[in-house]
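Survey of secondary and tertiary structure
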2 protein chains.
Amino acid sequence: MKAKVAINGYGTIGKRVADAVALQEDMEIAGVVKTRPSFEARIAKKKGYSLYSASEDNIADFEKSKIEISGTLDELLDKADIVIDATPGNTGEEYRKLYQEHGIRAIWQGGEEHELAGFSFNSEANYDRALGRDLARVVSCNTTGLVRVLYALDTAYGVKKARVTLMRRAADPNDIKTGPINALVPDPIKLPSHHGPDVNSILPDIDITTMAVKTSTTLMHLHAVNLELKEESSQDEIIRLFEERPRIRLVNSKDRIKSTAEAMELAKDMGRPRGDMWENVLWKDSITIDKGELYFFQAIHQEADVVPENVDAIRAMLELEMDGAKSIEKTNKALELMTS
Amino acid sequence: MKAKVAINGYGTIGKRVADAVALQEDMEIAGVVKTRPSFEARIAKKKGYSLYSASEDNIADFEKSKIEISGTLDELLDKADIVIDATPGNTGEEYRKLYQEHGIRAIWQGGEEHELAGFSFNSEANYDRALGRDLARVVSCNTTGLVRVLYALDTAYGVKKARVTLMRRAADPNDIKTGPINALVPDPIKLPSHHGPDVNSILPDIDITTMAVKTSTTLMHLHAVNLELKEESSQDEIIRLFEERPRIRLVNSKDRIKSTAEAMELAKDMGRPRGDMWENVLWKDSITIDKGELYFFQAIHQEADVVPENVDAIRAMLELEMDGAKSIEKTNKALELMTS
């Protein structure tokens, strides 16, 4: 029998996780929850997902828009084994109470604090610690991207120190309200930024500090990474290490991928749903050892990289698979993640 | 008698240096050189600058546009004491030969290599080494901005190590041909970038590496700076150190300057010509000591920060003033640089 997954919040992350879950052999979508009728609600119906209203109050809205719904969030929670919470931030406490009342396992996204779930998840770094858990948080897109490379490097060489500048996309492509159009915005201005401590919620022993800046772009985040490793390495060894990781895609500027825009074009040309890039896009020809320190650039698709992690988190918490590497393999295979 | 300054190349930098030179008590503009008639040529005439054609071939163009010229570059070089070369890159060798034939001192900009002049200039770091020189290069906007802070910190505490991410404006505001509109472009992809070695052309002993990324903005560059100092310091001490520097403007995000866009608005509201910000704009509330390392953000107005440095370079090379601090004071006073 397939595990039944509820998706609470069918926006940027929720709709992507729903589609990824639907592709897995051991899971199915019990229903997706939206607050308001919208083109996304209509498309959810077309895909065959049962649609639920976030509350009683919104039912009339859906009726007016002639979008058939199957009930409310409350009703859905009784039908599912686990809920993916992809609601906007700052509703964590309220929903945690609700989920616990319904005795349903829950997975939050990186917009919520570590403390809400008491456990932060990354497929490669701590799958086994998620086994059987009731609550978890899949860390943010930036943190997920950092943990993927840091976990790999820390396991192989030990990371002595990580200093990272995050150039953040300012808004998602469909967001017409957010700026800046033409500026660079240190954010937060207070240093170091919260991204370092967030990495430590999964890899507590790594000395990492981060500086973050909002940039006038919508496509991807870009990380400028500077590391000191405990053991010596070489450019070739680092390339081989990353090549073996399940969710790092090495690209080469000689192959005409020189920017986040071309990295996104690559995902589209590969036929990815919504043009999503689930992997870290890491520039092979940026990997450099200089005066004993490691440098590289990687790009992170903010809408997509946490999607396979959510799928693995479901599998771990419901103990559908006890071995993390095998879950990653299943997820990747169902998504055609590294083979495409 | 005032020193006579020729400006070869009346574009983004040339026109700004011309105006700054014209404001100095000990200098005057002998003439400015343009290749083609343009609105900038017309405005130069209105300002009272004698206009010269880059070559004989272009004279007809100016005549057709009814812009009166006073002769050619060749003629101008015989009338001036020093030439500011603000021509587009890659013409250095050719012009060096010409300048030497005319026996005129010359100052290039950061687009040219250190080797062309054999000497790279920054007002605070090495004014005395420029005294009486025939050839010099004022380093690029980014390098100037870095040298200002690094020289101050190195003198006070010793800089053990500097790791800087440069988020570069992709194009100047008047440049309609250059992208990207919506992307982040690691540039160069090969690490570390050339900006570190360029800093070393002035401060040879500082261990600095840099990573640079082109961002979709036209206004200013932004530097994310991470430093290890040789001697311990504190946030307050660093703030005091920067406050005393002649070309560092400390700003505060609480004062509603949270981005490069607001920093530029500040320059406009101060009544600066062309809205220019000649100083490093350094966020006071970003200055942080964390685990013994120093962090801060600064923004650099790429069109403007080298302008006062060019003025000081003229003064040093023509020995109009033997003391660098005094030259800086004169330049700043004439521009109303730190008093505004």
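Model, not experiment: these values are computed from the prediction.

Further remarks concern the overall build of chain A. Of regular secondary structure, chain A possesses 13 helices and 15 strands. In terms of overall size, chain A behaves like a compact globule, its C-alpha atoms giving a radius of gyration of 20 Å where 340 residues would be expected to give roughly 20 Å. Seen through its C-alpha atoms, chain A measures out along the principal axes to roughly 65 × 45 × 40 Å. Classification of the 340 residues of chain A by burial places 61% in the buried group. Restricting to contacts in chain A with at least 6 residues of sequence separation, those with at least 24 account for 71%. When the accessible surface of chain A is split by element, carbon and sulfur atoms take 46% of a total near 13,700 Å².

Attention now moves to the interface of chain B and chain A. With 49 residues of chain B at the interface, the matching set in chain A holds 49 residues. For the chain B and chain A pair, buried surface summed over both sides reaches about 3,700 Å², with 62% attributable to carbon and sulfur atoms. It is L184(B), I189(B) and F297(B) in chain B that bury the most area against chain A; as a group they hold 18% of the surface buried on that side. Applying the counting rule to chain B against chain A returns eight salt bridges.

Time to look at the relation of the copies chain B and chain A. Rotating chain B by 180° and moving it 0.0 Å along the rotation axis overlays it on chain A with an RMSD of 0.0 Å. Here the copies are linked by what is in effect a two-fold axis. Distance from the rotation axis, computed per C-alpha, reaches its smallest value in chain B at S216(B): 2.7 Å. When the interface residues of chain B are mapped onto chain A, 100% of them again fall at the interface, so both copies present the same face.

The next thing to look at is the sheet that holds strand β2 (residues 27-34) of chain A. In sheet architecture, strand pairing relies on hydrogen bonds along the backbone and comes in two forms, parallel and antiparallel. All names here are of chain A. Pairing is parallel across the open sheet formed by seven strands, whose spatial order is β3-β2-β1-β4-β5-β7-β6. Pairing within the sheet leaves two strands with one partner each, and these edge strands are β3 (51-53) and β6 (120-121). The pairing of β6 with strand β7 (residues 135-138) spans two bridges and is parallel. Residue pairing for β7: F121 is matched across the bridge by V138. Those strands touched by helix α12 (residues 307-317) are β1 (3-8), β2, β4 (82-85), β5 (105-108), β6 and β7, and its axis lies near 155° from that of β5.

We now examine the pattern of salt bridges. All names here are of chain A. Scanning the entire structure with this criterion turns up 60 salt bridges over all chains. Close ionic contact of E309 with R247 constitutes a salt bridge, the shortest N to O distance being 3.0 Å. One end of the pair, E309, is in helix α12; the other, R247, is in the loop between α10 (235-243) and β12 (248-251), and 62 residues separate them in sequence. According to the relative accessible area criterion, E309 is buried, its value standing at 1%. On the basis of relative accessible area, R247 is assigned to the buried category, the value being 1%.

Below, the discussion takes up the side chain of H223(A). All names here are of chain A. By the element assignment, H223 lies in strand β11 (residues 221-229). At a separation of 2.6 Å, a polar atom in the side chain of H223 contacts the side chain of N142. For H223, the residues in contact, after removing those within four places along its chain, are N142, L146, V164, T165, L166, F296, F297, Q298 and I300.

All names here are of chain A. The full count for this structure, using the stated rule, is 10 aromatic pairs over all chains. Centre to centre, the rings of Y10 and Y49 are 6.3 Å apart; their planes meet at 75°, and the pair counts as edge-to-face. With Y10 in the loop between β1 and α1 (12-22) and Y49 in the loop between α2 (39-46) and β3, this pair connects stretches of sequence that are 39 residues apart. Note on accessibility: Y10 and Y49 belong to one class, buried.

Time to look at the domain arrangement of chain A. Residue and element names in this part refer to chain A. Domain assignment breaks chain A into domain 1 (3-139 + 306-335) and domain 2 (141-300). Here domain 1 and domain 2 have C-alpha centroids that lie 26 Å from each other. Across the boundary between the two partners, domain 1 contributes 24 residues, which contact 17 residues of domain 2. Together domain 1 and domain 2 conceal approximately 1,900 Å² of surface at their shared face, both sides included; 49% is due to carbon and sulfur atoms. By the criterion of area lost to domain 2, the three top residues of domain 1 are R16, E124 and V139, representing 32% of everything that side buries. One can count seven salt bridges joining domain 1 with domain 2. Summed over the shared surface of domain 1 and domain 2, the result is 13 residue pairs in polar contact (both at pLDDT 80 or more). Of all the elements in the fold, those that place two or more residues in the side of domain 1 that touches domain 2 are α1, β6, α7 (123-130), α12 and α13 (324-335).

Turning to the pairing of strand β11 (residues 221-229) of chain B, a few remarks are in order. All names here are of chain B. Of all nine residues in β11, nine are buried; the element is thus mostly enclosed. Of the two faces of β11, the one carrying H221, H223, V225, L227 and L229 and the one carrying L222, A224, N226 and E228 are both buried. Pairing between β11 and strand β15 (residues 293-300): eight bridges, direction antiparallel. Along β15, the bridge assignment pairs A224 with F297.

Looking now at the confidence of the model for chain A. Per-residue confidence for chain A averages 96 on the pLDDT scale, and 99% of its residues sit at or above 70. As scored by the predictor, the complex reaches a pTM of 0.95 and an ipTM of 0.92.

This part covers the pairing of strand β8 (residues 159-169) of chain B. Residue and element names in this part refer to chain B. Most of β8 is tucked away: 10 of the 11 residues are buried. As judged from the eight bridges shared by β8 and β11, these two strands associate in the antiparallel manner. Bridging from a neighbouring strand, R163 pairs with N226 of β11. Pairing analysis gives eight bridges linking β8 to strand β10 (residues 208-215), with the strands arranged parallel. Bridged to L166 within β10 is A212.

Reading the values: rules and limits
- Residues numbered from 1 in each chain as written.
- Chains lettered and ligands numbered in written order.
- Predicted model: local features only at pLDDT ≥ 70, side-chain atom pairs only at ≥ 80, totals over all residues.
- Heavy atoms only, no water.
- Helix = DSSP H or I, 4+ residues; strand = E, 2+ residues; numbered from the N terminus.
- Rg over C-alpha atoms; globule rule 2.2 N^0.38 Å.
- Buried < 20%, exposed > 50% of the residue type's maximum accessible area, 1.4 Å probe, protein only.
- Contact = heavy atoms within 4.5 Å.
- Areas by Shrake-Rupley, 256 points an atom, 1.4 Å probe, with all protein chains shown as cover.
- Buried area = accessible area lost by both parts, 1.4 Å probe.
- Salt bridge = Lys/Arg side-chain N within 4 Å of Asp/Glu carboxyl O.
- Least-squares fit on C-alpha atoms with pLDDT ≥ 70 in both.
- Pairing = 2+ DSSP bridges.
- Axes fitted to C-alpha atoms, helices over the stretch in contact; angles between N-to-C directions.
- Polar contact = N/O pair within 3.5 Å; in protein donor to acceptor, adjacent residues only side chain to side chain.
- Phe/Tyr/Trp six-rings, centres within 6.5 Å; stacked < 30°, edge-to-face > 60°.
- Domains from an automatic or database assignment.
- pLDDT = per-residue confidence, 0-100.

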